[in-house]
Amino acid sequence: MTRAQLTRTGILRMALGGGSGDPLLPAEGGGDQQAPFLLRALRIALVVCLYWFISIAMVFLNKYLLDSPSLRLDAPLFVTFFQCAVTAALCLGLSLGAACGSPCPSLPTLRLDLKVSRSVLPLSVVFIGMVTSNNLCLKHVGVAFYNVGRSLTTVFNVLLSYLLLKQTTSLYALLACGVIIGGFWLGVDQEGAEGTLSWTGIFFGILASLCVSLNAIYTKKVLPVVDGSIWRLTFYNNVNACVLFFPLMLLLGEFHTLYRFDKLGNLGFWGMMVLGGLFGFAIGYVTGLQIKFTSPLTHNVSGTAKACAQTVLAVIYFEETKSFLWWTSNLMVLGGSFAYTWVKGLEMRKAQEDPNIKSSERNETGV
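Every chain is numbered on its own, with residues counted from 1 as its sequence reads. Totals for whole chains, interfaces and linings use all residues, but because this is a predicted model, local features are given only for residues with pLDDT of at least 70 and pairs of side-chain atoms are given and counted only at 80 or more. To get the side-chain values, take all heavy atoms of the structure and skip hydrogens and water.

By the naming in an unreviewed UniProt entry, the protein is FUCT1 protein, taken from Psilopogon haemacephalus. UniProt positions are given in the numbering used here, feature names are shortened, and annotations may be inferred rather than shown by experiment. The record in UniProt for the protein states the following under Subcellular location (unreviewed entry): "Membrane".

Laid out in structure tokens, this is it:
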């Protein structure tokens, strides 16, 4: 994520895994563990439902903004730019509110430091690639196929972990990756058989998977620059992205497209744009909530189940008819993702119980 889902899931995972607290999220342990079982179960159910709702709603809303026949706005970079601008504005606004005595006084004060901004720039380039390729994939493929189209994130995690971090992967985890790859290619074949295949969408789906993996690695490298604060990193990342999007939009002629757009003065359109930005900001927060109240393993399982529900809802909503093999490809991707998550969870538990295992082997590569 989403995983668009976007999109900020990798950043939050790295921050939470590294012990960096988010001042908007409840503290770990403490009173929550002592709360009655029924209350804790209800709280977890509400958090998971909130994550599902925001994540699925964001995908459908972005699909409308990017590829709606009624809207006819061919400016995917502008949509992504606007969502980044909303996120940066919300970060700054909440920080200013905290300084004035808001309910979250622990939020750090945000100010733009050009030296820090330059240090975060490599991550911002990867971040732009991630959010843009996610949206371009969604623009060119259907919501039902979106999960399969960008399903190779786990495979790139394993590949980049070996190439860049020299971390090996167990046989069982590799077999799970093989199932994901098989499901991906079967899905591509079935989309082609149904006449709905977009090679442009497939390209951007693969690129999105690669960028999500790179985003997690670069986040871990850049976090010390912002003193381990996920809040500051989100702010700088989105500010940098807004600046970098301007020449890209100019180069691709999106300003001319916006000038000729007939709904530029429509309040309903801007309301949908703002709502998309709010969902983009909220997905990172609810992802963090779900991890805090459950665990990274449970979060991945929830994300896999959410992807299944999202696919079914898309098929029903758009009144599509899919073949048995098409559904099989989705089940292979979801099953492989679940199996990989389960295997990595078991390996991490075993690593924590065995003090002889190197610390470098205890890291979970999944995002």
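A.B. asks: Explain the overall build of the protein here, please?
C.D. replies: Numbering of helices and strands runs from the N terminus; a helix is a DSSP stretch of H or I covering at least four residues, while a strand is a stretch of E covering at least two. The secondary structure content of the protein amounts to 14 helices and 1 strand. What sets the accessible areas is the Shrake-Rupley method with a 1.4 Å probe; for residues, cover comes only from the shown protein chains. When the accessible surface of the protein is split by element, carbon and sulfur atoms take 67% of a total near 17,100 Å².

A.B. asks: Which parts of the structure should I look at to understand the side chain of threonine 153?
C.D. replies: As for its placement among the helices and strands, threonine 153 is situated in helix H7 (residues 153-165). Here, residues are in contact when the closest pair of their heavy atoms is within 4.5 Å. For threonine 153, the residues in contact, after removing those within four places along its chain, are Ser209, Val212 and Ser213.

A.B. asks: I'm lost on the environment of serine 70 in this one. Help?
C.D. replies: By secondary structure assignment, the location of serine 70 is in the loop between helix H3 (37-67) and helix H4 (76-99). Accessible area is worked out with a 1.4 Å probe on protein chains only. A residue is then buried under 20% of its type maximum, exposed over 50%, and partly exposed in between. By relative accessible area, serine 70 is classed as partly exposed at 42%. The residues contacting serine 70, other than those within four sequence positions of it, are Tyr64 and Lys263. We call two N or O atoms a polar contact when they sit within 3.5 Å, provided that within protein one can donate a hydrogen and the other can accept it, with sequence-adjacent residues counted only if both atoms are side-chain atoms. At 2.8 Å, the side chain of serine 70 and the side chain of serine 68 are in polar contact.

A.B. asks: Looking at this structure, how should I read the UniProt feature "transmembrane region" (unreviewed entry) in the protein?
C.D. replies: Residues annotated by UniProt as "transmembrane region" (unreviewed entry) correspond here to residues 44-65, 77-99, 119-137, 144-165, 171-188, 200-218, 230-252 and 264-286. In residues 144-165, the share of helix is 86% and the share of strand is 0%. The end C-alpha atoms are 34 Å apart. In residues 230-252, the share of helix is 96% and the share of strand is 0%. The end C-alpha atoms are 32 Å apart.

A.B. asks: In this structure, what is going on with the nonpolar core? I would like to understand it.
C.D. replies: Where a protein is soluble and globular, its nonpolar side chains tend to be buried together. Joining through side-chain atoms within 4.5 Å is the link that ties buried Ala, Val, Leu, Ile, Met, Phe, Trp, Tyr and Cys residues into a set, and such a set is a nonpolar core. In terms of nonpolar packing, the biggest core is built from 62 residues, with Leu73, Phe78, Phe145, Phe245 and Met273 touching the most fellow members. Leaving out residues up to four positions away in the same chain, phenylalanine 245 has contacts with Leu77, Thr80, Phe81, Cys84, Ile128, Val131 and Thr132. Of all hydrophobic cores here, the second largest spans 15 residues; its members include Cys91, Val222, Leu223 and Tyr236.

A.B. asks: Please explain the confidence of the model for the protein as it appears in this structure.
C.D. replies: The predicted structure's coordinates, where accompanied by low pLDDT, should not be read in detail. As a per-residue quantity, pLDDT reports the predictor's confidence and falls between 0 and 100. Scored by pLDDT, the protein has a mean of 83; 84% of the residues are at 70 or more. Within the protein, strand E1 (residues 3-4) has the poorest average pLDDT of any element, 40, and helix H8 (residues 171-193) the best, 94. Long-range and interchain partners of residues 27-31, a stretch whose pLDDT sits below 50, account for 1 contact in this model, where long-range means more than four residues apart. A low-confidence stretch, residues 359-367 (pLDDT under 50), is modelled with 29 contacts involving residues beyond four sequence positions or located in other chains.

A.B. asks: Quick question: what am I supposed to make of unusual backbone geometry here?
C.D. replies: Peptide bonds are, in most cases, trans, and in most cases residues other than glycine have a negative phi. Positive phi outside glycine occurs at arginine 72, with the angle close to 55°. Looking at the element boundaries, arginine 72 is found in the loop between H3 and H4. Owing to a relative accessible area of 55%, arginine 72 belongs among the exposed residues under this scheme. One non-glycine residue with positive phi stands out, namely glutamate 319, at about 55°.

A.B. asks: Can you walk me through the packing of aromatic side chains in this structure?
C.D. replies: The relative placement of two aromatic rings is captured by the distance of their centres and the angle of their planes. Aromatic pairing here means that ring centres of Phe, Tyr or Trp (its six-membered ring) are within 6.5 Å. Orientation follows from the plane angle: under 30 degrees is stacked, over 60 is edge-to-face, and everything else is tilted. Summed over the entire model, instances satisfying the criterion amount to 18 aromatic pairs. Note on phenylalanine 78 and phenylalanine 82: the rings are 6.3 Å apart at their centroids and 45° apart in plane angle, and the pair reads as tilted. One end of the pair is phenylalanine 78 and the other is phenylalanine 82, both in helix H4 and 4 residues apart, which spans about a single turn. When the centroid spacing of 6.2 Å and the interplanar angle of 80° are considered together, the rings of tryptophan 231 and phenylalanine 281 count as edge-to-face. One end of the pair, tryptophan 231, is in helix H10 (residues 230-251); the other, phenylalanine 281, is in helix H12 (residues 267-293), with 50 residues separating them in the sequence. Each of the two residues, tryptophan 231 as well as phenylalanine 281, counts as buried.

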